[in-house]
Each structure stands twice: as C-alpha cells, then as structure tokens.
Amino acid sequence: MSRSILIKDGRIIDPRNGMDAVSDLLILEGKVAEVGKALAAPEGTLVLNARGLVVSPGFVDLHCHLREPGFEEKETIATGTLAAARGGFTTVCCMPNTQPAIDTRATVDFILAKARSEGAVRVLPVAAVTKGRTGGQLVEMGELAEAGAVGFSDDGDPVADPRLMRSALTYTRPLGLPVMDHCEDPSLSGGVMHEGKVSTRLGLRGIPAAAEESMVARDILLAELTGGSVHIAHISAAGSVELVRRAKAKGLPVTAEVTPHHLTLTHEWITGDGTTEAQQPAANTGYPYDTNTKVNPPLRESADVDVMVEALREGIIDAIATDHAPHTIVEKLCPYDEAAFGISVLETGLGSVLSLFHQGRIDLPTLVARLTVGPAGIIDHGGLGLGTLSVGAPGDVTVFDPDIEWVVDVERFSSKGRNSPLHGRRLKGGVVATVFNGSVVFEGSREAVTDGR
C-alpha cells in the first residue's frame, strides 16, 4: 500500500527537469506531489532523512533477464525484481529468452500479472522478434505491442537474416517501438572471450570485435532504409561506438546501451588480474579462468572501455543497462569453454558505475541521466512518466549514498544468480532506499527512516 512520503534535505538530481539542488520531495497517493524547500506533509507521513544523500528518479533498466517462465531455477520475477529494488531500479525490461519465449499475448499477460502479484518493482516485457526466437518468422508485433510489450528482441541471439530484420524495422516503425538487437555475426563468433593477446595467452577461443561491429553497421543501414528504430544492446566495441556516432550525426533513429561491466572491467579480469580496474579487492579474490567473467559480448580491452565511458558522457550511448543474467552454480562451476555466458548485475550496477564518478571521468548528473531519462526515453512511449520527478509522475525514487563503501558478498544477493566476478570486491556507492509507486520497497539504512513529523 502506498502512503505519503516526504524525502527531506536530499540532493535532488532530476536531469529531465534540469534540477540539481538540495530540496524536499513529497509523494502523495503514489505520485510526485511537490518538490521544494521546507515542505509540509500530512500527519503520519513517512519521513526519509536524505541529508548528504542523492535523490533521483527511480532507475530504469532496459535490459535484464528475469528467466520466468521456464527457468525459475535461475531467477523468478519475485527474486529478480527484489534484486532490482536493492539496486535502485524501479522499472526493469525483461528479455524474451524464456521458455516459452515472450512471443504471444498470453505470455505477455502472464508476465504482467505475475509482476503485479509478486514483483517488487515495475516489469515491462520485451517481446521476441521471431516466433520461438528461432529466426524464422516474425511475431504478431501489433498484438504484442497492444498487450504491453515495449520493444522487440531475440536477445541471446541476433536477428541474423537481414531481410527479416528489415521487415521487423518496417513493421515496428508505426508502433513507435524499437528493435533491440543483440549485435553479433554468428559466422564471425563462436568463441568464449574477447579475441586478443589475453585469449591467446590463456588458450581460449576468441570473439573478435568485428563480430559486433559488422552487425551494428548492418542494423544502422537497415534503420536508415526503413525509418524503423534500432537499439543496440550491450554495446562493447570501440568501432561500434563510432558507427553509432555517425548514425546519430545523420539523425537516424539509433540508440545504444552499455552495461556496468563493459564500462569498468576488461579481458584482463579473466587472467585473475583486476587490480588495475575500478573495483578494488577487499582481499586477493581474483583467480584465472573465473567463469563469472564469461559474458556475451565479452569483456574487451582497456581502449574499448575508455571509448564506452567517453561515449556515455557525450550521450552517444543513451543508457546504462545491466544485462542482468543470473545462472545456477552448476552452469558456472565448470571449464570456461562450457560455462554459460552472463553476470548477475542488478545489485552491483550502481556501485560499479559510481567508480567512474569517483575517478572524475563522468559527473553525477550525467550518470543519473543515463540511468533514468535516457532509458525512459527509449521505451516510455505510453506516457508512463518514467525517469523524472515531475509533479504527477509515478512516485518512483532512488535514494543513494555515493560515498558509502561496501564489500560485495554474493551470498547476500536477493537474486538467485550468484555469478558475479565482483564477489569480495569493495565498491563505493550504494542504495539507501528505493520507492516504487509511493511505497518503500527497499531500505538499505534504517537509520535514515523515521515515522511521523
């Protein structure tokens, strides 16, 4: 049940409204009611003291895997959304590589109903592009959009057939929804990590950056041809960023996201050497061939990471998305070649990207923008009012402390996925409270919360 909430004396950062100031925020009946100094509130209002903390719109994650239906041993809507709340996310877009795939109205209806009854935060389904995600026949895109899908993707696999991708972009253009492609040319891929000196040293099969870049180039050309919106999922290669930069300069309907791990980790982590990167160990926790570093697209070189950070700062990359991909222990406790791709990210994402702020590489309002108004602008075409603290917007708020230090312990995750290479690493910055639709769904520091006035 939502109640009135007053968040006092926090540094409110609302990029959509150009606000960055110490102020109060009042939520009534699940909506933002007022922003200003020394606000009054009704008797019995829940008061959150945010002095010294950042208050932002609830984070929006364009790309996560909740695994339900079909893979509940990895994650469920209940556990995944609780992990999202702990990470400051009040809206998550779930990918369709479930069983069955999200390719019918019935499956969309199931996910939305499950999220309403068991979810801690808002869930927006991303439907498949092709039936069964097999790459053969387009789904009923209009029907799925009407049911509540906010985009289309065969994520986990690319839309490999260019004629099919052209058709998908043509059909989605009047719907105003993006095709969110996993850009990877299967004929160039087939490896388990980034192709380079580290893969050679470790004796592991490599995935060249060209496997991503060639598909990004194809999708941009098809977006130009059709006028349909293409969203580049989990961009990771410097060449891909340059292609997106050129597309945006031409005014093409192209957007992109980047993950926390592609902003902060490199392929050197697979050797067990993460000491030169953003996340510092609380102890010597790194070891070579850690399958928790296996992700697709792979962790790339320092030069790629630098390009990602700069592109995020400039706005060439529109959003930070987690690509939260939880797996069972069995799927990771095996040889590197055989391990599943994916990292559990929802609960560590904020701490990871705040390292960029602490290093002076990106300012706080820009980071908040890429977690809020940036992603909201890509999928919120239904007027939900996400990514802002404007009066009348949903009472979705993230309160975080950019300076609090903590050590990642995967055994304390709310997610079923314990597959994080950051276990034992010290992060700086964490969520204090998450408010969804006017209800506190996570409290990271009870000392910050008091009842009454």
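Rules used in this analysis
- Residues numbered from 1 in each chain as written.
- Predicted model: local features only at pLDDT ≥ 70, side-chain atom pairs only at ≥ 80, totals over all residues.
- Heavy atoms only, no water.
- Helix = DSSP H or I, 4+ residues; strand = E, 2+ residues; numbered from the N terminus.
- Rg over C-alpha atoms; globule rule 2.2 N^0.38 Å.
- Buried < 20%, exposed > 50% of the residue type's maximum accessible area, 1.4 Å probe, protein only.
- Pairing = 2+ DSSP bridges.
- Contact = heavy atoms within 4.5 Å.
- Axes fitted to C-alpha atoms, helices over the stretch in contact; angles between N-to-C directions.
- Phe/Tyr/Trp six-rings, centres within 6.5 Å; stacked < 30°, edge-to-face > 60°.
- Lys NZ or Arg CZ within 6 Å of the ring centre and 35° of its normal.
- Salt bridge = Lys/Arg side-chain N within 4 Å of Asp/Glu carboxyl O.
- Disulfide = S-S within 2.5 Å.
- Polar contact = N/O pair within 3.5 Å; in protein donor to acceptor, adjacent residues only side chain to side chain.

A. Just the overall build of the protein chain, in detail. Counting its regular elements, the protein chain contains 13 helices and 19 strands. Its C-alpha atoms give the protein chain a radius of gyration of 21 Å, within 12% of the compact-globule value 22 Å for 453 residues. Along the first, second and third principal axes, the C-alpha atoms of the protein chain reach 65 × 50 × 45 Å. Scored against the burial criterion, the 453 residues of the protein chain give a buried share of 59%.

B. Focus on unusual backbone geometry. Residue Pro-69 is bonded to the preceding Glu-68 through a cis peptide linkage, with omega at 10 degrees. Asn-296 connects to Pro-297 through a cis peptide bond whose omega is 5 degrees. Position of Pro-297 relative to the elements: it lies in the loop between β14 (280-281) and α9 (302-314). Despite not being glycine, Asp-323 has its phi angle at roughly 50 degrees, a positive value. Structurally, the position occupied by Asp-323 is in the loop between β15 (319-320) and α10 (329-332).

C. The sheet that holds β15, seen in detail. Spatially, four strands are ordered β9-β12-β13-β15 in an open sheet, and the strand pairing comes out parallel. Pairing within the sheet leaves two strands with one partner each, and these edge strands are β9 (179-181) and β15. Direction of pairing for β9 relative to strand β12 (residues 230-232): parallel, over a ladder of three bridges. Opposite Val-179, over in β12, you have Val-230 as the bridge partner. Running over the sheet, helix α7 (residues 238-249) touches β12 and β13 (254-258) and is turned about 145 degrees from β13.

D. Representation of the pairing of strand β8 (residues 122-125). Every second residue of β8 is oriented toward a common face, with Arg-122 and Leu-124 on one face and Val-123 and Pro-125 on the other, all of them buried. The pairing of strand β7 (residues 89-94) with β8 spans four bridges and is classified as parallel. Paired with Thr-91 across the bridge in β8 is Arg-122.

E. Quick peek at the packing of aromatic side chains. A full pass over the atoms with the stated rule returns two aromatic pairs. Measuring from ring centre to ring centre gives 5.7 Å for Phe-59 and Phe-89, while their planes differ by 70 degrees; the resulting arrangement is edge-to-face. Highlighted residues: Phe-59 in strand β6 (residues 59-64) and Phe-89 in strand β7, separated in sequence by 30 residues. Here Phe-59 matches Phe-89 in class, with each residue buried. Ring plane angle 55 degrees and centroid distance 6.1 Å describe the contact between Phe-59 and Phe-400, whose orientation is recorded as tilted. Of this pair, Phe-59 sits in strand β6 while Phe-400 sits in strand β16 (residues 397-407), placing them 341 residues apart in sequence. Each member of the pair, Phe-59 as well as Phe-400, is classed as buried. Pairwise contacts between aromatic rings join Phe-59, Phe-89 and Phe-400 into one cluster. Here the guanidinium or amino end of Lys-74 rests over the ring plane of Phe-71, the centre of that ring lying 5.4 Å away.

F. Seen up close, the sheet that holds β7. If you walk across this open sheet you meet the three strands as β6-β7-β8, and the pairing is parallel. Both edges of this open sheet fall to β6 and β8, since each of them pairs with a single strand only. Put simply, the sheet's adjacent strands are angled 20 degrees from each other on average, direction ignored. In terms of strand pairing, β6 meets β7 through four bridges, oriented parallel. Across the sheet, the residue bridging to Val-60 is Thr-91, located in β7.

G. Layout of the pattern of salt bridges. Under the defined criterion, the tally for this structure stands at 23 salt bridges. With a shortest N-O distance of 3.5 Å, Lys-114 and Glu-68 are connected by a salt bridge. Of the two residues, Lys-114 sits in helix α2 (residues 105-118) while Glu-68 sits in the loop between β6 and α1 (77-86), which places them 46 residues apart along the sequence. A salt bridge links Lys-248 to Asp-318; the shortest N-O distance between them is 2.7 Å.

H. A look at the environment of Phe-89. Classification of Phe-89 as buried rests on a relative accessible area of 3%. Through-space distance from the C-alpha of Phe-89 to that of Asp-396 is 9.0 Å; in sequence the pair is 307 residues apart. The residues contacting Phe-89, other than those within four sequence positions of it, are Phe-59, Val-60, Asp-61, Ala-84, Val-121, Thr-322, Leu-346, Leu-371 and Thr-434.

I. Broad picture of the state of the cysteines. Within this structure, the stated rule accounts for zero disulfides. With no disulfide of its own, Cys-64 has Cys-94 as its nearest cysteine by sulfur position, at a separation of 6.4 Å. According to the relative accessible area criterion, Cys-94 is buried, its value standing at 3%.

J. Structural view of the environment of Asp-380. Note that Asp-380 resides in the loop between α13 (373-379) and β16. For the pair formed by Asp-380 and Ser-187, sequence separation is 193 residues and the distance between their alpha carbons is 35 Å. Contacts of Asp-380, omitting those with residues within four sequence positions, involve Gly-385 and Leu-386. Within polar-contact distance, the side chain of Asp-380 engages the backbone nitrogen of Gly-385 at 2.9 Å.

K. The arrangement of α1 in detail. Across the 10 residues of α1, seven count as buried, placing the element largely inside the fold. Three or more residues of α1 are buried, namely Ile-77, Thr-79, Gly-80, Thr-81, Ala-83, Ala-84 and Ala-85. Lining the buried residues of α1 we find β7, α2, β8, β17 (425-436) and β18 (439-443). Note on α1: the residue one or two positions beyond its end, Gly-88, has a positive phi of about 90 degrees.

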